[in-house]
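Residues per chain are reported as follows:
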Amino acid sequence: MTQKNTRREILKGSLALAGLSLLGIPEWAIPALAQGETVVPFTEFPDNFNPNPAVDRRLVETRKINGTFTPKDQFFTTQHYGHPDVDPVAFRLKVTGFVDRPKSLSLDDLKKMASAELIAGFECSGNRRPVQGLIGNGRWTGVSLKSVLDSAGVQAPAREFVFFGADHGQEEIEWRTQKFTLDQQFGRSLNREKAMSAEPFLAWALNGEPLTKHQGFPLRLIVPGWYGVANVKWLSQIHVQEDQYLGKFQARWYRTLKGEMIDGEMKWKETSVTHMNLKSFVARVTKEGSRHKVLVVVLNDGTPIKSVELKVDDGTWQPATADASTTGKYSWKFYTYIWNGATPGEHTLVSKVTDANGAVQPTEKDLETKKSFLEDNSQHPRKVMIAS
Ligand SMILES: Nc1nc2c(c(=O)[nH]1)N[C@H]1C(S)=C(S)[C@@H](COP(=O)(O)O)O[C@H]1N2
Ligand SMILES: [Mo]
């Protein structure tokens, strides 16, 4: 609380100096900008937007994004049971179930195995308009999941790898007419093919520093290219089993209900939230002299990006330019569009991304049959106000 207040005080102070509040820009909107560059307000944004709606929740203010990697004190944070305290000295990662050599690994044991780096961004599958703040990009340090599993010796019947966090809570579990209230750990699973692939990563550092409590100290799983929910924080156990894991956050909460026409018939599909869908959105618009600069953020499952385009009002799609600072298969990507001749008043800016396989970011209309709100990767028309 104290920390937050202090930060707010500082923000208020610098705002008063800059006089931005006179322009109607709320106190938290202070991106570090080039000299003479100012932020153009989004008129669709909630006036009362609060990037810290609760002690254990933080959203990224996309208009403040000013670097490839999201700083640790800005990285979004969301989870179901709050932030548990894990003692790093007593910490052990247990590997149990269908393995030849069950493990109980300290942080040092893990660090001795290898130390690799991974650049990966992700968004929560619930990230959506108008704020789009459940998103971040990091440089993670850790060891590949595969090397830990190989050292434990995965046995033939193993089909499902369950990742438990140290966080837990009381859950009411319903089965037909029965109800049980039970204490449960947060758990998520990967199938054998995914778990044993080269990508999944066990990270102990973000941007070169130990993970913060918010981001899963001391150890978390990162599944590059997948939605945030796969990235189990405060990882304490990997249990290898034969049966599918059907825990609440695996089988019930993180699924998408969507209609699909197959052979002229509507099929209602319920699918698991896994890899990120191709998405872009206008993160901020700034004014530099007489021209405006539109920053577009792109995230997907790692498929190379073919193009990003931007449309102003009823104009034609115009190409945006890739920013060289955001390369790397699983990094988020920045694109910029220079908007010349913007006229005073309200305008709508919308971005659209196409990947190398020809997949195109859908419109809101295209996602009409998606009933549940997760996995909203639709094009997001941003409303901005150009001052006269
Ligand atoms: N142990 C644990 N890990 C978790 C969660 C959780 O509730 N418990 N929430 C998941 C969800 S839904 C998201 S979007 C990401 C958020 O990661 P971040 O807080 O580092 O941004 O953590 C995931 N990992
Ligand atoms: Mo999430």
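In this text the structure is predicted, and so the values were computed from the model without any measurement. (Residues numbered from 1 in each chain as written. Chains lettered and ligands numbered in written order. Predicted model: local features only at pLDDT ≥ 70, side-chain atom pairs only at ≥ 80, totals over all residues. Heavy atoms only, no water.)

**Notes on the overall build of the protein**
In terms of helices and strands, the protein carries 5 helices and 21 strands. By the compact-globule yardstick of 21 Å for 388 residues, the protein fits well, its C-alpha radius of gyration being 22 Å. Split into buried and exposed, the 388 residues of the protein put 49% on the buried side. With an accessible surface of roughly 18,500 Å², the protein has 51% of that area assigned to carbon and sulfur atoms. (Helix = DSSP H or I, 4+ residues; strand = E, 2+ residues; numbered from the N terminus. Rg over C-alpha atoms; globule rule 2.2 N^0.38 Å. Buried < 20%, exposed > 50% of the residue type's maximum accessible area, 1.4 Å probe, protein only. Areas by Shrake-Rupley, 256 points an atom, 1.4 Å probe, with all protein chains shown as cover.)

**Observations regarding the packing of aromatic side chains**
Per the stated rule, a full pass over the model turns up 13 aromatic pairs. Relative to Phe 122, the ring of Phe 76 has its centre 5.6 Å away and its plane inclined at 70°; by these criteria the two rings are edge-to-face. Of the two residues, Phe 76 sits in the loop between strand S1 (37-39) and strand S2 (93-97) while Phe 122 sits in strand S4 (residues 116-123), which places them 46 residues apart along the sequence. Comparing Phe 76 with Phe 122, the two get one shared label, buried. An aromatic cluster of at least three residues, connected via ring pairs, comprises Tyr 81, Phe 186, Phe 249, Trp 253 and Tyr 254. Of note, Arg 63 hangs over the ring of Phe 45, and the distance from its end group to the ring centre comes to 4.0 Å. (Phe/Tyr/Trp six-rings, centres within 6.5 Å; stacked < 30°, edge-to-face > 60°. Lys NZ or Arg CZ within 6 Å of the ring centre and 35° of its normal.)

**Quick notes on the environment of Asn 66**
With respect to the secondary-structure elements, Asn 66 resides in the loop between S1 and S2. Taking the C-alpha atoms as reference points, Asn 66 and Leu 33, 33 residues apart in sequence, are found 7.6 Å from one another.

**Focus: helix H3 (residues 145-152)**
Of the residues making up H3, those classed as buried are Leu 145, Val 148, Leu 149 and Ala 152. What you see down the axis of H3 is that its buried residues fit within an arc of 95°, all on one side. In the stretch just after H3, Gly 153 is the one whose phi turns positive, near 75°. (Arc of directions from axis to C-beta.)

**Side note on the sheet that holds strand S20 (residues 345-355)**
The strands making up a sheet associate through hydrogen bonds between their backbones, and the pairing can be parallel or antiparallel. Across the sheet, 4 strands lie side by side as S17-S16-S20-S21; this open sheet has antiparallel pairing. What marks the edges here is a single partner per strand, and that holds for strand S17 (318-319) and strand S21 (382-386). Examined bridge by bridge, strand S16 (residues 305-312) and S20 share 7 bridges and lie antiparallel to one another. Across the sheet, the residue bridging to Val 312 is Leu 349, located in S20. (Pairing = 2+ DSSP bridges.)

**Focus on the sheet that holds S1**
Across the sheet, which stays open at both edges, the 5 strands sit in the order S1-S14-S15-S19-S18 with antiparallel pairing between neighbours. If you trace the sheet from one side to the other, it starts and ends with S1 and strand S18 (321-322), each paired once.

**Some points on unusual backbone geometry**
Between Arg 129 and the following residue, Pro 130, the backbone shows a cis peptide bond with an omega angle of 0°. Relative to the helices and strands, Pro 130 resides in the loop between S4 and strand S5 (135-144). The linkage connecting Phe 217 with the following residue, Pro 218, adopts the cis geometry, with an omega of 5°. Here Pro 218 lies in the loop between strand S9 (209-210) and strand S10 (220-222).

**Here's the deal with the nonpolar core**
If you look at the biggest cluster of nonpolar residues, it comprises 91 residues, and the most contacted ones within it are Trp 140 and Trp 339. With residues up to four places along the chain from it excluded, the contact list for Trp 339 reads Val 285, Arg 291, His 292, Val 294, Val 312, His 347, Leu 349, Val 384 and Ile 386. (Core = buried A, V, L, I, M, F, W, Y, C linked by side-chain atoms within 4.5 Å. Contact = heavy atoms within 4.5 Å.)

**Section: the site of ligand 1**
Around ligand 1 sit 21 residues, and of these Phe 76, His 80, Asp 167, Arg 220 and Lys 233 come closest. At 2.8 Å, a backbone N or O of His 80 approaches an oxygen atom of ligand 1. Contact between ligand 1 and Gln 215: an oxygen atom at 3.2 Å from a side-chain N or O atom of the residue. Burial of ligand 1 by the surrounding chains reaches 100%, relative to a free accessible area of 530 Å². Across the shell around ligand 1, the residue classes break down as 9 nonpolar, 9 polar and 3 charged. (Near = heavy atom within 4 Å. Polar contact = N/O pair within 3.5 Å; in protein donor to acceptor, adjacent residues only side chain to side chain. Nonpolar A, V, L, I, M, F, W, Y, C, P; charged D, E, K, R; others polar.)

**Here we look at the environment of Gly 97**
Position of Gly 97 among the secondary structure elements: in strand S2. For Gly 97, a relative accessible area of 39% puts it in the partly exposed group. Residues within four places of Gly 97 in sequence aside, it is in contact with His 239 and Val 240.

**Describing the pattern of salt bridges**
Scanning the model with the defined rule gives 17 salt bridges in all. Where Lys 146 meets Asp 150, a salt bridge forms, and the shortest distance between an N and an O atom there is 2.8 Å. Note that Lys 146 and Asp 150 are positioned in helix H3 at a spacing of 4 residues, about one turn of the helix. The exposure class assigned to Asp 150 is partly exposed, which follows from its relative accessible area of 38%. (Salt bridge = Lys/Arg side-chain N within 4 Å of Asp/Glu carboxyl O.)

**Considerations on the pairing of strand S15 (residues 291-299)**
In terms of residue burial, S15 counts as a mostly covered element, since 7 of its 9 residues are buried. Judged from the 9 bridges that link them, strand S14 (residues 279-288) and S15 form a sheet pairing that is antiparallel. Across the sheet, the residue bridging to Thr 286 is Lys 293, located in S15. When S15 meets strand S19 (residues 333-339), the two strands line up antiparallel, connected through 7 bridges. Residue pairing in the sheet places Lys 293 in a bridge with Ile 338 of S19.

Geometry only, nothing functional implied.
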